[in-house]
Amino acid sequence: MDYSYSFQDNIPSSTFNTTCANTANWIEENRDKFDWAKDPNAYEMVNLFLFGAKYSHEGKDIDKASLAKMWEMRSQDFERCNISSSNFVYAICQDSYEASQSGKSVVNDENSHHALRKIAGLGLYLKQQQRNGEKPAYNNPQELLQLLECSRSLKTFHPDLYDKYAFEENLDVLCKLQLQNNLSNEVVKHIQDSHDELSKDFSDNNLDTNKENIDDIKEQR
């Protein structure tokens, strides 16, 4: 069953194979031409792989060859961003890819799907900043609040994945980075309350942005 029409970056089963082929071909044609095309797109990859796993599990005929082609190329590109095979970003991408090939559905709800693709994308984003010699920064409160909400679904329905990919620690990093920006008291409270719902051992100093600089997003446990 396809996700709702309004699901962000939805790929209906009717267009999935075309999207896979086009994406794999684009990577092959451009990854060696432009510097900006040499880095993997973790959000896009996880999104495609999760849809592939879902549709394959449902008995639909998916283009596994294009997904394999994509992974073969991109799995070599994470080193450019200083992401090792033990990093949670790589692990989410690899696990999602393997699920697409085996036909084992990873998640079945939109929120959990989004949590996985978004945390992988943001983890890569922070690593790219470090690679470029920049201090890690993040400023998108609306996106963060959506991620926190979706992560509640992942923790509820897939606690094993929530723990495996260190969501607790990685969300804490993102919240700290976000709260280093100039925000209204209302937004700050919303972020803190949303984070509190996910972390029962939340403490008053847990999101104190003046105590430390975030140098890295956590490795996979």
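An account of the accompanying structure is given in this report. Values in this document were obtained by computation on a predicted structure and should not be read as measured data.

1. A closer look at the packing of helix H2 (residues 42-57) against helix H3 (residues 64-74)
Alright, step 1. Viewed as axis vectors pointing N to C, H2 and H3 meet at an angle of 150 degrees, and their least axial separation amounts to 11 Å. Classified by the angle between their axes, H2 and H3 sit roughly antiparallel to one another. As H2 packs across H3, the resulting crossing turns out to be left-handed. Packed against H2, whose contacting residues are Met45, Leu48, Phe49, Gly52 and Ser56, the element H3 presents Lys64, Leu67, Met70, Trp71 and Arg74 at the interface.
Alright, step 2. Residue composition of the contact of H2 with H3, grouped by class: 6 nonpolar, 2 polar and 2 charged.

2. Structural notes on the nonpolar core
Alright, step 1. Phe16, Leu116 and Phe167 are the most contacted members of the largest nonpolar core, which totals 57 residues.
Alright, step 2. Among the elements that line this core, the one with the most residues is H2, at 8 residues.
Alright, step 3. Excluding residues that lie within four positions of it along the chain, Leu116 makes contacts with Val46, Leu50, Ile92, Val106, Val107, Leu154, Leu161, Tyr165 and Phe167.

3. Some words on helix H9 (residues 185-198)
Alright, step 1. With 14 residues, H9 extends 20 Å from end C-alpha to end C-alpha; this agrees with the ideal 20 Å at 1.5 Å per step.
Alright, step 2. Within H9 the residues assigned to the buried category are Ile191, Ser194, His195 and Leu198. Along the long axis of H9, the arc covered by the buried residues comes to 95 degrees, so they all point the same way. Exposed and facing more than 90 degrees away from the buried side of H9 are Asn185 and Glu186.
Alright, step 3. Buried residues along H9 sit against helix H6 (141-157), helix H7 (159-164) and helix H8 (167-178).

4. So, a nonpolar patch on the surface
Alright, step 1. On the surface, Trp26, Phe34 and Trp36 cluster together to form a nonpolar patch covering roughly 360 Å² of accessible area.
Alright, step 2. By secondary structure assignment, the location of Phe34 is in the loop between helix H1 (13-30) and H2.
Alright, step 3. Judged by its relative accessible area of 34%, Phe34 is partly exposed.

5. Examining unusual backbone geometry
Alright, step 1. A positive phi is found at Asp9, a non-glycine position, where the angle reads about 55 degrees.
Alright, step 2. Position of Asp9 among the secondary structure elements: in the segment before H1.
Alright, step 3. Of note, Ala166 is a non-glycine position whose phi angle comes to about 50 degrees, a positive value.
Alright, step 4. Mapped onto the secondary structure, Ala166 falls in the loop between H7 and H8.

6. Describing H6
Alright, step 1. Taking 1.5 Å per residue, 17 residues should reach 24 Å; H6 reaches 25 Å between its end C-alpha atoms and fits that length.
Alright, step 2. Those residues of H6 not exposed but buried are Glu143, Leu144, Leu145, Leu147, Leu148, Cys150, Ser151, Ser153 and Leu154.
Alright, step 3. Elements in contact with the buried residues of H6: helix H5 (110-131), H7, H8 and H9.

Calculation rules
- Throughout this description, residue numbers start from 1 for each chain and increase along the sequence as written.
- Note on the predicted model: pLDDT of at least 70 is required for a residue's local features to be given, and 80 or more for side-chain atom pairs to be given and counted; whole-chain, interface and lining totals, by contrast, use all residues.
- Hydrogens and waters are ignored; side-chain quantities use all the structure's heavy atoms.
- A fitted line through C-alpha atoms serves as each axis, taken over the contacting stretch for helices, and the angle formed by two N-to-C directions is quoted from 0 to 180°.
- Secondary structure is summarised from DSSP: a helix means a run of H or I of at least four residues, a strand means a run of E of at least two, and numbering begins at the N terminus for each.
- Angles below 35 degrees are treated as roughly parallel, those above 145 as roughly antiparallel, those between 65 and 115 as roughly perpendicular, and all remaining angles as oblique.
- Whether a crossing is left-handed or right-handed is set by the direction in which the near helix is turned from the far one by less than a right angle, anticlockwise for left-handed and clockwise for right-handed.
- Every residue pair with non-hydrogen atoms within 4.5 Å of one another is taken to be in contact.
- Amino acids outside the nonpolar list (Ala, Val, Leu, Ile, Met, Phe, Trp, Tyr, Cys, Pro) and the charged list (Asp, Glu, Lys, Arg) are all regarded as polar, and Gly is one of them.
- The definition of a nonpolar core used throughout is a set of buried Ala, Val, Leu, Ile, Met, Phe, Trp, Tyr and Cys residues joined through side-chain atoms within 4.5 Å.
- Any residue under 20% of the maximum accessible area for its type is buried, any over 50% is exposed, and the rest in between are partly exposed; the area is computed with a 1.4 Å probe on protein chains only.
- An expected span of 1.5 Å times one less than the residue number is assigned to each helix.
- By arc we mean the arc of the directions from the helix axis to the C-beta atoms, nothing more.
- For patch building, the residue pool is restricted to those with more than 30% relative accessible area and no salt bridge; the joining distance is 9 Å between like charges and 5 Å between nonpolar side chains (Val, Leu, Ile, Met, Phe, Trp, Tyr).
- Computed with the Shrake-Rupley method and a 1.4 Å probe, the accessible areas treat only the protein chains shown as cover for residues.
- Salt bridge, as applied in this entry: a Lys or Arg side-chain nitrogen positioned within 4 Å of an Asp or Glu carboxyl oxygen.

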